[in-house]
Amino acid sequence: RYFPLLHGPGVTPKTIIIFELKAELNNEKKEKRKEAVKKVIAAMTVGKDVSSLFPDVVNCMQTDNLELKKLVYLYLMNYAKSQPDMAIMAVNSFVKDCEDPNPLIRALAVRTMGCIRVDKITEYLCEPLRKCLKDEDPYVRKTAAVCVAKLHDINAQMVEDQGFLDSLRDLIADSNPMVVANAVAALSEISESHPNSNLLDLNPQNINKLLTALNECTEWGQIFILDCLSNYNPKDEREAQSICERVTPRLSHANSAVVLSAVKVLMKFLELLPKESDYYNTLLKKLSPPLVTLLSGEPEVQYVALRNINLIVQKRPEILKQEIKVFFVKYNDPIYVKLEKLDIMIRLASQANIAQVLAELKEYATEVDVDFVRKAVRAIGRCAIKVEQSAERCVSTLLDLIQTKVNYVVQEAIVVIRDIFRKYPNKYESIIATLCENLDSLDEPDARAAMIWIVGEYAERIDNADELLESFLEGFHDESTQVQLTLLTAIVKLFLKKPSETQELVQQVLSLATQDSDNPDLRDRGYIYWRLLSTDPVTAKEVVLSEKPLISEETDLIEPTLLDELICHIGSLASVYHKPPNAFVEGSHGIHRKHLPIQHGSPVSAGPAAPIEQAQSVIPSQGDLLGDLLNLDLGPPVNVPQQSSMQMGAVDLLGGGLDSLVSDGHSHRIANNRVYLFGLECLHVHISLFIVYLFPQIWLPAVKAKGLEISGTFSRRQGQMYMDMTFTNKALQHMTDFAIQFNKNSFGVIPTTPLPIHTPLMPSQSIEVSLPLNTIGPVMKMDPLNNLQVAVKNNIDVFYFSGLIPLNIFFVEDGKMGTFLYFFIFFMSKDIYTVSGKLQNDNIYTIAKRNVEGQDMLYQSLKLTNGIWILAELRIQPGNPNYTVKHPPNLNSPHSELRSHLLFLSVEV
């Protein structure tokens, strides 16, 4: 094994070994060459670089020995990418092997060529692949089908040009079930990168072929076919039931992946079956046993099954409502299985089984695993909130646990009791004394914050509440931010309830929060409380002691849109992570979002679900919008150019969805150049606030819009009105296809352009948009006058909100009236209105000024975008914070032509 003749610089044991292998690879004996290739593969497997032997290994391809050929192909797949020029040497051998009489060698050759990701080789692969797709042997055809998907990943355009996709579609009708399964798998893989194409061409005929192959192919082939079936939308209820009947036998398969794929298909098609039908209820009963059986496997399999069952229970709890005992925890379950079972147990808890559940949870709370005990105690609190009839029993159980004096049990119990107080106010406050006894043992931030909240919330019922809170205040700077914020709010509550006794205490905490703290959140809240208490204690009481919304148990439920999408991914990683694929798969943002079929009673289209192209068939046109609902007498048609947002390519989004936002109102009439607004000859409008610039407000919270949050304000820049908005995606899936539309409003405001959002809005991303507005749209009185109702559409749904437009947005730049005309009109007025505040000088022009008895008199005019003039006299008395605004009353009939262009405004600031 040593070569004494090889010596000198550069000669190492490695080069000696390579030299030896090179000699063996060129040996005349087949067995020697075979052993040498095995050594090369062994060295390659442990990470040694044997790429220098590439030519010698390629020479070994010319052999009839199948084992040796497999080894050589394995070497080529590993080193072809690093040696692309030398890999060309193997092309002729590949082409020759694709015509070998042995089908195993033909399949091996085409599979290896598909795995070699080198552009120079792929062009030589087309002709052999085409032959293999039509090979007489099914093993070769099924291998070639997968090779098409691999080739598409390397060069998609070439696959389409060579017609390989059509060949794959033809294989769906193949007589061999494994060929069908591989063709379906290849087409499904390719369609992932082409979400808008219908590559699989699913129709009743093809579906029938797939169902026929389902019974005969291997378990992994069944998974491919079931996944494909889950992407199909049956044309009617009868077809959905027929498919379910043929898929149901897969529920008893030994492979858990097949079972979950079958469950996915049935869960999707259940949406199409009427709930009152016998088959619907029968199918629900059939789904339960296979899910229960999955829990008898290994812990890892149990966990995957439990994560999927968690989704199924959230969607259809009735499937497993009778099987709650299956989810009772066993002593030898791993912690991750225990926690998942506990979560599902709470979701299935009801009035019928709550006694069993509470007995189990109380026992779990005495376990030795701290994390599990904490979860069990919190579960008792969730039961109290979910099942109202069990609340008293749950509180009693929690008190028993507190009496155990186990530190972490006591602290967890106090946290959940706080939530129970929120759910059932003024019902269980008698236990506060028991909670206060354990005050000294609390050392965790959550528990301390919960106890502080309870003391502050019910300070009037606790005699020594000030002493209790003061004890927390001693180590204020050592507390966590959560405790500091809760303590600050609790002491302010205490002060508002007992001001005479706690003045020093509130000053102390405000000083600590604002002057001695470097936490911006704490400082800001301290300053807000300080200013509220010092300027308006009544308002402070209304804000701080306001009634709190009741909490619900299902705060951790997955949002419905995401849940529907995850149901479509049962049996995949998405169902384990409880996240859509594009949240964790790199480069998957273009993946088509899956969703459940349209529910029974709605139109159902065959084939994959497509975006709704014409919403007008569902949503009424803008001309009919709300007309029948309000039964308004609109009089003559409005002489306004109909350049609404619908004419700019958007659909009518409102569709009656704003019914709940619309206030009672009256119509307007425009005729003979006179304006009769809302049936009144002269209108006195009361506006709550006159603001030149508004800070952005949250118009549409994420909780009401499936994760979409819209905040914004209105502005006027260079003579143009704008709606400045920020769109934030707080959901877990991306959002696209945005459009916006306004309801009829008092000033005819409509968007000038479509909503300028042209790229997908990814999770946790925000986009700022400035939408130009004009006032040439249809007009309808709103209450208040400056109310604007908006509909926003995206790929998830249509959402509605409303906001107030500051009146100064409508003030145009040419609002200065002539002096003579101003006084001629204005001095018909005798009425005076008092306002608190002053009008902002934003396109409000001062015509004249004089001083009368120490008061400054300002005569002002402004003009709205619809041509209406507003006149005002502003009295300012030095030292008086109140200003008086005077406006003319209704003008007499001789001046009706002039009156038709005027609006006299009374403003309450």
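The structure this text deals with has already been given above.
Residues numbered from 1 in each chain as written. Predicted model: local features only at pLDDT ≥ 70, side-chain atom pairs only at ≥ 80, totals over all residues. Heavy atoms only, no water.

A. Representation of the overall build of the protein chain in the model. Tallying secondary structure elements over the protein chain gives 35 helices and 17 strands in all. Sorting the 909 residues of the protein chain into buried and exposed places 50% on the buried side. Across the protein chain, every contact between residues at least 6 apart in sequence was considered, and the portion connecting residues at least 24 apart equals 67%. Put simply, the protein chain shows about 43400 Å² of open surface, and 51% of that area lies on carbon and sulfur atoms. (Helix = DSSP H or I, 4+ residues; strand = E, 2+ residues; numbered from the N terminus. Buried < 20%, exposed > 50% of the residue type's maximum accessible area, 1.4 Å probe, protein only. Contact = heavy atoms within 4.5 Å. Areas by Shrake-Rupley, 256 points an atom, 1.4 Å probe, with all protein chains shown as cover.)

B. Structural view of unusual backbone geometry. Cis geometry is found at the peptide bond from Asp783 to Pro784, where omega equals 0°. Looking at the secondary structure, you find Pro784 in the loop between β9 (766-774) and β10 (787-793). With a phi close to 60°, His578 is a non-glycine residue in the positive phi region. Its location among the elements puts His578 in the loop between α32 (573-577) and α33 (627-630).

C. Examining the pairing of strand β14 (residues 855-863) more closely. Within β14, 7 of the 9 residues are buried, which leaves it mostly tucked inside the rest of the structure. Here strand β13 (residues 845-852) pairs with β14 via 7 bridges, running antiparallel. Bridge pairing links Thr846 to Gln860 in β14. Examined bridge by bridge, β14 and strand β15 (residues 869-876) share 8 bridges and lie antiparallel to one another. Counted as the bridge partner of Lys863 is Trp869 from β15. (Pairing = 2+ DSSP bridges.)

D. Broad picture of the sheet that holds β10. Sheet architecture is open: 3 strands sit in the order β7-β10-β11, paired in antiparallel fashion. Each having just a single partner strand, β7 (739-742) and β11 (798-804) make up the two edges of the open sheet. On average, each strand axis in the sheet is inclined to that of its neighbour by 25°, with strand direction left out of account. Here 7 bridges tie β10 to β11, and the two strands are oriented antiparallel to one another. Directly across from Ala791, in β11, lies its bridge partner Tyr800. (Axes fitted to C-alpha atoms, helices over the stretch in contact; angles between N-to-C directions.)

E. Local environment of helix α29 (residues 520-535). Taking 1.5 Å as the rise per residue, α29 with 16 residues should run 22 Å; its terminal C-alpha atoms sit 22 Å apart, in good agreement. Within α29, the full set of buried residues consists of Leu522, Gly526, Tyr529, Leu532 and Leu533. The buried residues of α29 occupy an angular sector of 135° when projected down its axis, which confines them to one face. Away from the buried face of α29 by more than 90 degrees, exposed residues Ile528, Arg531, Ser534 and Thr535 are located. If you follow the buried residues of α29, they end up packed against α27 (481-497), α28 (503-514) and α30 (537-544). In this structure Asn519 caps α29, since a side-chain oxygen of it lies 2.9 Å from the backbone nitrogen of Asp521. (Expected span 1.5 Å × (residues − 1). Arc of directions from axis to C-beta. Polar contact = N/O pair within 3.5 Å; in protein donor to acceptor, adjacent residues only side chain to side chain.)

F. Expanded view of the pattern of salt bridges. As enumerated under the stated definition, the model contains 29 salt bridges in all. The partner of Asp227 in a salt bridge is Lys264, with the nearest N and O atoms 2.8 Å apart. Of this pair, Asp227 sits in helix α14 (residues 219-229) while Lys264 is found in helix α16 (residues 256-269), placing the two residues 37 residues apart along the sequence. Several salt bridges share partner residues, and in doing so they unite Arg374, Arg378, Glu412, Glu444 and Asp446 into one network. (Salt bridge = Lys/Arg side-chain N within 4 Å of Asp/Glu carboxyl O.)

G. Looking closely at the sheet that holds strand β8 (residues 750-751). Spatially, the 5 strands line up as an open sheet ordered β4-β5-β6-β9-β8, and their pairing is antiparallel. Because the sheet does not close on itself, it has two edges, and the strands there are β4 (697-700) and β8. As judged from the 8 bridges shared by strand β6 (residues 720-729) and β9, these two strands associate in the antiparallel manner. The residue bridging Phe727 from the neighbouring strand is Ile767, located in β9.

H. Structural context of a negative patch on the surface. Taken together, Glu467, Glu470, Glu474 and Glu504 make up a surface patch of like negative charges. Position of Glu504 relative to the elements: it lies in helix α28. (Patch = residues over 30% accessible without salt bridge, like charges linked within 9 Å, V, L, I, M, F, W, Y side chains within 5 Å. Lys, Arg positive; Asp, Glu negative; His and termini not counted. Charge placed at Lys NZ, Arg CZ, Asp CG, Glu CD.)

I. Highlighting the packing of aromatic side chains. Inspection of every chain in the model, using the stated rule, returns 10 aromatic pairs. Considering the side-chain rings of Tyr577 and Phe584, the 4.8 Å spacing of their centres and the 90° angle between planes classify their relative orientation as edge-to-face. What makes Tyr577 partly exposed here is its relative accessible area of 42%. Summarising the aromatic geometry, the rings of Trp699 and Phe714 are spaced 5.3 Å apart at their centres and angled 45° between planes, so their arrangement reads as tilted. Taken together, the residues span a long stretch of sequence, with Trp699 in strand β4 and Phe714 in strand β5 (residues 708-717) at a distance of 15 residues. A residue is classified by how much of its surface remains accessible, and Trp699, at 10% relative accessible area, is buried. By the ring-pair criterion, three or more aromatic residues cluster together here, those being Phe421, Trp453 and Tyr458. (Phe/Tyr/Trp six-rings, centres within 6.5 Å; stacked < 30°, edge-to-face > 60°.)

J. Quick look at α16. Here α16 is 14 residues long and its end C-alpha atoms lie 20 Å apart, about the 20 Å a rise of 1.5 Å per residue gives. Among the 14 residues of α16, 12 are classified as buried, and the element is accordingly described as predominantly covered. Here the buried face of α16 lies against α14, α15 (237-247), α17 (278-294), α18 (299-315) and α31 (560-567). You can read the cap of α16 off the contacts: a side-chain oxygen lies 2.8 Å from the backbone nitrogen of Ala257, and it is on Asn255.

K. Layout of the side chain of Thr486. Counting through the fold element by element, Thr486 comes out in helix α27. Classification of Thr486 by relative accessible area gives buried; the value is 18%. Engagement of the side chain of Thr486 in a polar contact is seen with the backbone oxygen of Gln482, the distance being 2.7 Å. Setting aside anything within four residues of it in sequence, one finds Thr486 in contact with Ala449, Ile452 and Trp453.

L. Representation of the packing of α18 against α31 in the model. Packing of α18 against α31 leaves a shortest axis separation of 10 Å and a crossing angle of 130°. Between α18 and α31, the angle is such that the two are oblique. Between α18 and α31 lies a crossing of left-handed hand. Residue-level contacts link Leu311, Ile312, Gln314 and Lys315 of α18 to Leu563, Asp564, Leu566 and Ile567 of α31. (Parallel < 35°, antiparallel > 145°, perpendicular 65-115°, else oblique. Left-handed = near helix turned anticlockwise from the far one by under 90°.)

M. How the structure looks around the environment of Gln411. Counting through the fold element by element, Gln411 comes out in helix α23 (residues 407-423). C-alpha separation for the pair Gln411 and Arg448, spaced 37 residues apart in sequence, amounts to 8.1 Å. In contact with Gln411, not counting residues within four places along its chain, are Ser441, Leu442, Asp443, Glu444 and Ala447. A polar contact is formed between the side chain of Gln411 and the side chain of Asp443, at a distance of 2.8 Å.

N. Broad picture of the environment of Asn182. Inspection of the secondary structure puts Asn182 in helix α12 (residues 177-192). We classify Asn182 as buried; its relative accessible area is 8%. Expressed as a C-alpha distance, the spacing of Asn182 and Leu168, which sit 14 residues apart in the sequence, is 9.2 Å. When sequence neighbours within four positions are dropped, the list of residues in contact with Asn182 reads Lys142, Thr143, Ala145 and Val146.

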